[in-house]
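Chain residues, written in single-letter form:
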Amino acid sequence: TISEMPDISVDSNDNAHIFWWDGRYYKGRDGQSWDITGGTRSIYYKNFNFSSNTWSVATDLVTGGSWYDSAVSNDNTLHLSYVLYDDILNKEVVKYIKNNGYGWSAPIYVFPIYGEQFAHVSLTTDSLNDIHLAVRHWDSSWIEKLLYAKTSGGVWSTPETIVGNISGQNYNSPLIYT
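Owing to the predicted nature of the structure, the values given are computational and were not obtained by experimental measurement. (Residues numbered from 1 in each chain as written. Predicted model: local features only at pLDDT ≥ 70, side-chain atom pairs only at ≥ 80, totals over all residues. Heavy atoms only, no water.)

**So, the environment of tyrosine 96**
Formally: Only DSSP runs of H or I covering at least 4 residues are called helices, and only runs of E covering at least 2 are called strands; the numbering of each starts at the N terminus. When a residue's accessible area, from a 1.4 Å probe over protein chains only, is under 20% of the maximum for its type it is buried; when over 50% it is exposed; and in between it is partly exposed. Note on contacts: a residue pair is in contact if any heavy atoms of the two residues lie within 4.5 Å.
On the secondary structure map, tyrosine 96 appears in strand E8 (residues 91-99). Of the residues examined, tyrosine 96 reaches a relative accessible area of 4% and is grouped as buried. Spatially, the C-alpha atoms of tyrosine 96 and isoleucine 108 are 5.2 Å apart, while their sequence positions differ by 12 residues. Once you skip the residues sitting within four places of it in the chain, tyrosine 96 turns out to touch His79, Leu80, Ser81, Ala106, Pro107, Ile108, Val110, Ile131 and Trp156.

Encoded structure:
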């Protein structure tokens with residue numbers, strides 16, 4: 001398989017939390033598999049415990065997941081948001097999970113009314129341990145938007161379009177033009 005797209009977050013105890021893609025087979029915006037080489041794409045997780053100087057066993061955290069980002073909040077909760085094709089909704093969705101030291105939470109849909117295609121997920125936390133999430137989105141007409149949502153007291157806000165109605169952008173471009 002192919003390991004790529006590493007992402008690392010470090011908590012206040014200096015423990016490193018690492019995520020990466022492995023494999024290339026995943027479902028895209030039309031529910032079809034894009035690339036069948038390298039096995040099913042998954043988001044894997046592994047952490048380094050600073051006090052014991054040991055690595056955990058790698059975990060297949062999200063089978064079929066693609067674009068993602070992680071962050072650690074001040075209370076040492078580990079947060080992960082990712083893109084996944086949802087077979088029930090029949091579209092790509094952005095989901096969020098967290099681990100407060102007792103295991104991973106059930107996934108929450110962050111942008112449930114959107115679909116088509118997502119990429120370039122960016123996640124961070126603030127001093128109140130609220131989560132901020134931005135993601136690049138294309139609709140069925142390939143109109144590009146930058147979407148944003150945040151939590152307040154653990155409740156997700158209604159997603160907002162920060163930049164919208166951008167057409168004709170290259171999928172691989174990391175830029176949002178205004």
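Alright, that's what it looks like, and here's the rest.
**Description of the side chain of serine 70**
Going by this rule: Residues adjacent in sequence count toward polar contacts only when both atoms are side-chain atoms; beyond that, a polar contact is any pair of N or O atoms within 3.5 Å, and within protein one must be able to donate a hydrogen and the other to accept it.
With respect to the helices and strands, serine 70 occurs in strand E6 (residues 65-72). Among the polar contacts made by the side chain of serine 70, one reaches the side chain of serine 9 at a distance of 2.8 Å. Residues within four places of serine 70 in sequence aside, it is in contact with Asp7, Ile8, Ser9, Phe19, His79, Leu80 and Leu123.

**Describing the layout of surface pockets**
Our working definition: Cavity means a closed set of points on a 1 Å grid over the protein atoms alone, one where a 1.4 Å probe fits but cannot get out, pocket means an open set with protein on both sides within 12 Å along at least 5 of 7 lines, and lining means a residue has an atom within 4 Å of a point. Grid points are joined across faces, edges and corners, and a volume is the space filled by probe spheres set on the points.
Its volume calculated, the largest pocket comes out at about 220 Å³. Lining the largest pocket we find 17 residues, and of these His79, Tyr96, Lys98, Ile131 and Gly154 sit closest to its centre.

**Some thoughts on the packing of aromatic side chains**
The following threshold applies: Each Phe, Tyr or Trp ring (for Trp, its six-membered ring) is paired with any other whose centre lies within 6.5 Å, and the angle between the two planes then decides the class: stacked below 30 degrees, edge-to-face above 60, tilted in between.
Taken as a whole and judged by the stated rule, the model has eight aromatic pairs. Aromatic pair tryptophan 21 and tyrosine 68: ring centres 6.1 Å apart, planes at 70 degrees, arrangement edge-to-face. In this pair, tryptophan 21 is assigned in strand E2 (residues 16-22) and tyrosine 68 in strand E6, connecting sequence segments 47 residues apart. This pair shows no difference in class: tryptophan 21 is buried, exactly as tyrosine 68 is.

**Considerations on the environment of asparagine 129**
In this fold, asparagine 129 is placed in the loop between strand E10 (117-125) and strand E11 (131-138). Those residues in contact with asparagine 129, other than ones at most four positions away along the chain, are Ser73, Asn74 and Asp75. At 2.8 Å, the side chain of asparagine 129 forms a polar contact with the backbone nitrogen of asparagine 74.

**Describing the nonpolar core**
This is how the line gets drawn: For this analysis, a nonpolar core means a set of buried residues of the types Ala, Val, Leu, Ile, Met, Phe, Trp, Tyr and Cys, connected via side-chain atoms within 4.5 Å.
Residues Leu80 and Phe111 are the most contacted members of the largest nonpolar core, which totals 32 residues. No other element matches strand E7 (residues 78-86), which puts five residues into this core.

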